[in-house]
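Analysis of the macromolecular model
Residue-level listing of the chains:
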Amino acid sequence: MSEDYRSMWQNLGLDLVAHDALLGVLGKFYQDIYLAQKNRPAGMQYFDFVMSEVHGLRIRELLDEKKTGRKVIGTYCVFVPEEIALAGNATMVGLCAGADFAMEEVEKILPRNTCALIKSTFGFKLGKVCPYLEASDMIVGENTCDGKKKAYESLGSLVSNLYVMDIPQMKSAQGRALLKSEYRRFKEAIEKLTGVTIDGARLKQAIEIVNNKRKAIHRLSKLRQADPAPISGLDALLANQVFFYDNPQRFTDSVNKICDELEKRVEQKQGVFPAGTPRILMSGCPMAVPNWKLPWIVETSGAVIVGEESCVGERGTRNLVNASGNTLDELMEAIIDRYFQVDCAIFTPNPDRLKHVEEMVKAYKADGVIHYGLQFCQPYLMEAIPVAKALEDRNIPTLRIETDYGMEDVGQLKTRVEAFIEMLK
Ligand code: BJ8
């Protein structure tokens, strides 16, 4: 790493020794999991570059943007509308963390039986290894699951710029009204932070930018319906993960470029794995970078992942915002309409999610579903039982996996996944 980056990290307050250790592990992990794959589309080189510079060039870009007066908003949930941040001259980045770090310190603050995603958030803060978090001018937490809700109270004492959004728990008229007032409050908070007044024209432009990003991902997803699959689930997951970090315009162009290449592959019936390889739909908790353990196990056990029913996947990216309005009110309503459809397991009841899983099984011609639940994640683990039962009742083979970020259970998981894939053949 260049000296320039080292002084940048130091100025952000990172612990350089711990950070070096994290980058070392991440680089090795990426090498073993990503670069070891065969038949990758050439366009994936862009994402290899993004990952190699994830704490370097992208952070430099964000800091350069900040010098021009732009603000950086760090978030943990797909309910935080990027359109509003962009319209207010702010860049939004995902802060969700997908690796264990500084666990001893974390467990002094949080109970051991907290999900790995929340613990990781704290580990990256306490271990001083996340430049995104340190570069953020505002960190947005939200009232979703109980774990996050209470953990943000503690996070508030570790950071000075936490903003908490109240997310509804029911898809009712009152729930929508709450989301509406919370998005208005968020808009005002962004305006106060940046000094920019968000009007209809600014919001419309921001909606178009984010819609284009989603359209590119939709295009990529559609291409995964082909057999043989033209891209691995691991690579498609990476694109969905980078969705939260990259410059929106550049991300859109890069995904579209990969799609041009994949279209040719589909035409020529060229795939990453042979035609007829068992096809898996992943469903459940979000997988943040560098949480690649389960997809890696699946794709080295004789199957290909063809879709993700996840917030880092189709639950997070499906549905566009209707951009036909012009006034601020019309566009704000369109944003609320779009986000209110996100079927996170924190909602009760949550029948839309099961419907979406079934639709995805059909659309992506999946042979089976693997439900991924993080240990101690009550919303998804609880919902996994009726979801799996409903799928089995419709003759869709389903495997429920409960795991964390540790590697101790890899052997055991592999045995279960292999047996499941064998059954699909
Ligand atoms: S909209 S899924 S991004 S809340 S894994 S922290 S649920 S205990 S992440 Fe999520 Fe927004 Fe919902 Fe999506 Fe809690 Fe479960 Fe942990 Fe989770």
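Remember, predicted model here, so these are calculated numbers, not experimental data. (Residues numbered from 1 in each chain as written. Predicted model: local features only at pLDDT ≥ 70, side-chain atom pairs only at ≥ 80, totals over all residues. Heavy atoms only, no water.)

**Regarding the packing of aromatic side chains**
- For the coordinates displayed, the defined rule picks out 16 aromatic pairs.
- Seen in terms of ring centroids, Tyr 30 and Tyr 34 are 4.9 Å apart; in terms of plane orientation they differ by 15°. Their pairing is stacked. Of this pair, Tyr 30 and Tyr 34 both sit in helix α2 (residues 16-35), four residues apart, which is roughly one turn of that helix. For the residue pair Tyr 30 and Tyr 34, the accessibility class agrees, reading buried in each case.
- Between Tyr 30 and Trp 292 the ring centres are 5.8 Å apart and the planes differ by 65°, which places this aromatic pair in the edge-to-face class. Pair noted here: Tyr 30 is in helix α2 and Trp 292 is in the loop between β5 (279-284) and α14 (293-299), with a separation of 262 residues, a long-range link.
- Here a set of aromatic residues connected by ring pairs shows up, and it is made of Tyr 46, Phe 47, Phe 243, Phe 244 and Phe 251.
- Seen from the ring of Phe 347, Lys 171 lies directly overhead, with NZ or CZ sitting 4.4 Å from the centre.
- A cation over a ring is seen here: Arg 338 above Tyr 339, with NZ or CZ 4.6 Å from the ring centre. (Phe/Tyr/Trp six-rings, centres within 6.5 Å; stacked < 30°, edge-to-face > 60°. Helix = DSSP H or I, 4+ residues; strand = E, 2+ residues; numbered from the N terminus. Buried < 20%, exposed > 50% of the residue type's maximum accessible area, 1.4 Å probe, protein only. Lys NZ or Arg CZ within 6 Å of the ring centre and 35° of its normal.)

**A short note on the site of the ligand**
- Every one of the 17 residues lining the ligand counts as a neighbour, but Cys 115, Cys 145, Cys 311, Cys 344 and Cys 377 are closest to it.
- Here the shell around the ligand is built from residues that sort into 14 nonpolar, one polar and two charged. (Near = heavy atom within 4 Å. Nonpolar A, V, L, I, M, F, W, Y, C, P; charged D, E, K, R; others polar.)

**Things to note about the sheet that holds strand β3 (residues 138-143)**
- The strand order β2-β1-β3-β4 describes an open sheet built from four strands, whose pairing is parallel. Every other strand in the sheet has two partners, leaving β2 (90-94) and β4 (162-166) as the edge strands with one partner each. Across this sheet, the average inter-strand angle for adjacent strands is 30°, counted without regard to direction.
- Looking at chain direction, strand β1 (residues 71-75) and β2 are connected through five bridges and run parallel. In the sheet register, Thr 75 faces β2, and the bridge partner there is Gly 94.
- On top of the sheet, helix α4 (residues 57-67) reaches β1 and β2; it is set at about 150° to β2, its chief contact.
- Contacts from helix α10 (residues 173-194) reach β1, β2, β3 and β4, with the element oriented near 160° to β4. (Pairing = 2+ DSSP bridges. Axes fitted to C-alpha atoms, helices over the stretch in contact; angles between N-to-C directions. Contact = heavy atoms within 4.5 Å.)

**Points about the pattern of salt bridges**
- According to the stated counting rule, one finds 41 salt bridges in the structure shown.
- Linking Glu 82 and Lys 213 is a salt bridge whose minimum nitrogen-to-oxygen distance equals 3.0 Å. One end of the pair, Glu 82, is in helix α5 (residues 82-87); the other, Lys 213, is in helix α11 (residues 200-223), with 131 residues separating them in the sequence.
- When the shortest N-O distance is used, the salt bridge between Arg 315 and Asp 343 registers 4.0 Å. Placement of Arg 315 in helix α15 (residues 314-317) and of Asp 343 in the loop between α16 (328-339) and α17 (351-363) is noted, with a sequence separation of 28 residues between them. Neither residue differs from the other here; Arg 315 and Asp 343 are each classed as buried.
- Several salt bridges converge on common partners, so that one network encompasses Glu 309, Arg 315, Arg 318, Asp 343, Arg 353 and Glu 383. (Salt bridge = Lys/Arg side-chain N within 4 Å of Asp/Glu carboxyl O.)

**A word on the pairing of strand β8 (residues 398-403)**
- As judged from the six bridges shared by strand β7 (residues 368-374) and β8, these two strands associate in the parallel manner. In the strand pairing of β8, His 371 is matched with Arg 400.

**Here we look at α10**
- With 22 residues, α10 should reach 32 Å at 1.5 Å per residue; the first-to-last C-alpha distance of 32 Å fits that figure.
- Those residues of α10 that fall on the buried side of the exposure criterion are Gly 175, Leu 179, Glu 182, Tyr 183, Phe 186, Lys 187, Ala 189, Ile 190, Glu 191 and Thr 194.
- Tucked inside the fold, the buried residues of α10 contact β1, α5, β2, β3, β4 and α16.
- Phi turns positive, to about 75°, at Gly 195, one or two residues after α10. (Expected span 1.5 Å × (residues − 1).)

**Focus: the side chain of Thr 144**
- Tracing the backbone shows Thr 144 in the loop between β3 and α9 (146-155).
- Within the structure, the side chain of Thr 144 is placed 2.6 Å from the side chain of Glu 142, a separation counted as a polar contact. (Polar contact = N/O pair within 3.5 Å; in protein donor to acceptor, adjacent residues only side chain to side chain.)

**Things to note about helix α13 (residues 248-267)**
- The terminal C-alpha atoms of α13 lie 29 Å apart, and with 20 residues this matches the ideal 28 Å at 1.5 Å per residue to within 8%.
- On its buried face, α13 is in contact with α3 (44-52), α5, α11 and α12 (233-242).
- Structurally, the start of α13 carries an N-cap: the backbone nitrogen of Gln 249 is 3.1 Å from a side-chain oxygen of Asn 247.
- After α13 finishes, the residue Lys 269 shows a positive phi value of roughly 55°.

**Topic: the nonpolar core**
- Phe 47, Phe 79, Tyr 183, Trp 292 and Val 298 are the most contacted members of the largest nonpolar core, which has 135 residues in total.
- Beyond its immediate sequence surroundings of up to four residues, Phe 79 is in contact with Met 165, Ile 167, Leu 179, Tyr 183, Tyr 339, Val 342, Cys 344 and Phe 347.
- Ranked by size, the runner-up nonpolar core spans 13 residues in total, among them Leu 281, Tyr 364, Ala 366 and Val 387. (Core = buried A, V, L, I, M, F, W, Y, C linked by side-chain atoms within 4.5 Å.)

**Topic: the packing of α17 against helix α18 (residues 378-393)**
- The interhelical angle for the contact between α17 and α18, taken along N-to-C directions, is 50°, at an axis separation of 11 Å. Our classification of the angle between α17 and α18 gives oblique. As α17 packs across α18, the resulting crossing turns out to be right-handed. The residues of α18 that touch α17, namely those facing Arg 353, Leu 354, Val 357 and Glu 358, are Tyr 380, Glu 383, Val 387, Ala 390 and Leu 391.
- In terms of residue class, the contact of α17 with α18 is made up of six nonpolar, no polar and three charged. (Parallel < 35°, antiparallel > 145°, perpendicular 65-115°, else oblique. Left-handed = near helix turned anticlockwise from the far one by under 90°.)

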